Amino acid sequence: MADNSKTEDAPSDSVEAAKGTGDKKEKLADQVMQNPQVLAALQERLDNAPHTPSSYIETLPKAVKRRIDALKQLQVKCAHIEAKFYEEVHDLERKYAALYQPLFDKRRDFITGAAEQTDAEAEWHSENEEEEKLAGDLKNKVVIEEKEAGAAEETNPKGIPDFWFTIFRNVDMLSELVQEYDEPILKHLQDIKVKFSEPGQPMSFTLEFYFEPNDYFTNTLLTKTYKMKSEPDKTDPFSFEGPEIVDCEGCTIDWKKGKNVTVKTIKKKQKHKGRGTVRTITKQVPNDSFFNFFSPIKGKGGDGESLDEDSECTLAIDFEVGHFFRERIVPRAVLYFTGEAIEDDDNFEEGEEGEEEELEGEEEGEEEEDAESEPKKDASQPAECKQQ
């Protein structure tokens, strides 16, 4: 009878041998990565390779790539924690909005003339107080002379006339949306508020525009709600940079007869093919107006298809305007009325440009010889989208 003991033990021996080989390879890999000569050769290879992030990653050993994948897993978890942070920031915004609101209500009363400020409330010391005092003295002298000449006394209008309309006119982003026939309507605007979504509701904010009774529409309140998302995209989690506006909803404006500035009536002649007679028909077509702001494009087409490039650009501008109302106009309205906030914005932008020019100058100084031999490059870049 043949001895089969060696044959039966063969499979287990091969498994042990394979395991031993794998352990040896791992140990060998560790030894190689600790060898200074190998690391130097790898570094030289990296130095000679094209210095782009993707090409650099491709040159790394498999073990290092695995560690990078582990870092990416950590980064995704960080993005989700960041999303929770912004949700709590939204809750804080809601909390502090309630604290701001009594001050904004008093602002509305001063603007509309519903209340008059006390002497203490009206006391304000300007940086140019002495110059203003001299100018005031000169003005008083002129007024006295005018009174002596029989000029009419100075009128005292109610509140602050055209407060919000003046802001629209001062801010380029808003004035570009306003047509001449929008102006008399905006002069009836009395207040703008920001309302945040309630706890437990999807993240959003609503702009509320309050109008006094007017000859154009019956609404006293027009609203625009911006829906937001604060979570990393499953397909691209690393693109998350905080909450983003994803959609918006307007409201219906109840226009009075013949007062709708968002449409215009045109006359068109039609010729009958058979008889050759001509008739004139009238039809309504869309018209440029700020009040189209309350009839926005939906984030996606009705059938769920993506928007075309022009629609995406229009929607992006809409989101930018809504964000600007929320973050800048409503909280700092008086400074946009006086123009002080606009001057601050302009100075900040000029500072950035000045710093960039200075850095470019330093680079040119370091590479003067190259600049003489190479043609100048155009530093300007086209904007992603422009308002039509």
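Criteria and thresholds
Residues numbered from 1 in each chain as written. Predicted model: local features only at pLDDT ≥ 70, side-chain atom pairs only at ≥ 80, totals over all residues. Heavy atoms only, no water. Core = buried A, V, L, I, M, F, W, Y, C linked by side-chain atoms within 4.5 Å. Buried < 20%, exposed > 50% of the residue type's maximum accessible area, 1.4 Å probe, protein only. Helix = DSSP H or I, 4+ residues; strand = E, 2+ residues; numbered from the N terminus. Salt bridge = Lys/Arg side-chain N within 4 Å of Asp/Glu carboxyl O. Expected span 1.5 Å × (residues − 1). Polar contact = N/O pair within 3.5 Å; in protein donor to acceptor, adjacent residues only side chain to side chain. Contact = heavy atoms within 4.5 Å. Phe/Tyr/Trp six-rings, centres within 6.5 Å; stacked < 30°, edge-to-face > 60°.

Participant: Would you explain the nonpolar core in this entry?
Facilitator: Considering soluble globular proteins, one finds that nonpolar side chains tend to be buried as a cluster. Of all hydrophobic cores here, the largest spans 50 residues; its most connected members are Phe 168, Phe 209, Phe 290, Phe 291 and Phe 325. The leading source of residues in this core is helix α10 (residues 309–329), at eight residues.

Participant: Explain the pattern of salt bridges here, please?
Facilitator: When their charged atoms lie close together, side chains carrying opposite charge are able to pair. Summed over the entire model, instances satisfying the criterion amount to 14 salt bridges. For Lys 65, the salt bridge is made with Glu 58, and the minimal N-O distance between the two is 3.9 Å. When the shortest N-O distance is used, the salt bridge between Arg 326 and Glu 327 registers 3.0 Å. When its relative accessible area of 9% is taken as the criterion, Arg 326 is described as buried. Several salt bridges share partner residues, and in doing so they unite Asp 105, Arg 108, Asp 109 and Lys 193 into one network.

Participant: Any chance you could explain α10 here in plain terms?
Facilitator: Residues lying three or four places apart along an α-helix face the same way, a consequence of the helix completing one turn every 3.6 residues. Under the 1.5 Å per step criterion, the end-to-end length of α10 is 28 Å for 21 residues, consistent within 8% with the ideal 30 Å. If you check which residues of α10 are buried, you get Ser 311, Cys 313, Leu 315, Ile 317, Asp 318, Phe 319, Val 321, Gly 322, Phe 324, Phe 325, Arg 326 and Ile 329.

Participant: Explain the side chain of Ser 230 here, please?
Facilitator: Tracing the backbone through its elements, the reader meets Ser 230 in the loop between β3 (221–229) and β4 (244–249). A polar contact of 3.3 Å, which involves the side chain of Ser 230, links it to the backbone oxygen of Ala 83. Contact partners of Ser 230, with chain neighbours within four places excluded, come to Ala 83, Tyr 86, Glu 87, Met 203, Phe 240 and Pro 243.

Participant: Would you mind going over the packing of aromatic side chains with me for this structure?
Facilitator: Note on aromatic pairs: each is described by the distance of the centres and the angle between the planes. Counted according to the given criterion, the structure contains 25 aromatic pairs. With 5.4 Å between their ring centres and 80° between their planes, Phe 217 and Trp 255 make a pair best called edge-to-face. Of this pair, Phe 217 sits in the loop between β2 (204–211) and β3 while Trp 255 is found in the loop between β4 and β5 (263–271), placing the two residues 38 residues apart along the sequence. Between Tyr 226 and Phe 319, the aromatic rings sit 6.4 Å apart at their centres with planes inclined by 75°, giving edge-to-face as the arrangement. Of this pair, Tyr 226 sits in strand β3 while Phe 319 sits in helix α10; the two residues are 93 residues apart in sequence, bridging distant segments of the chain.

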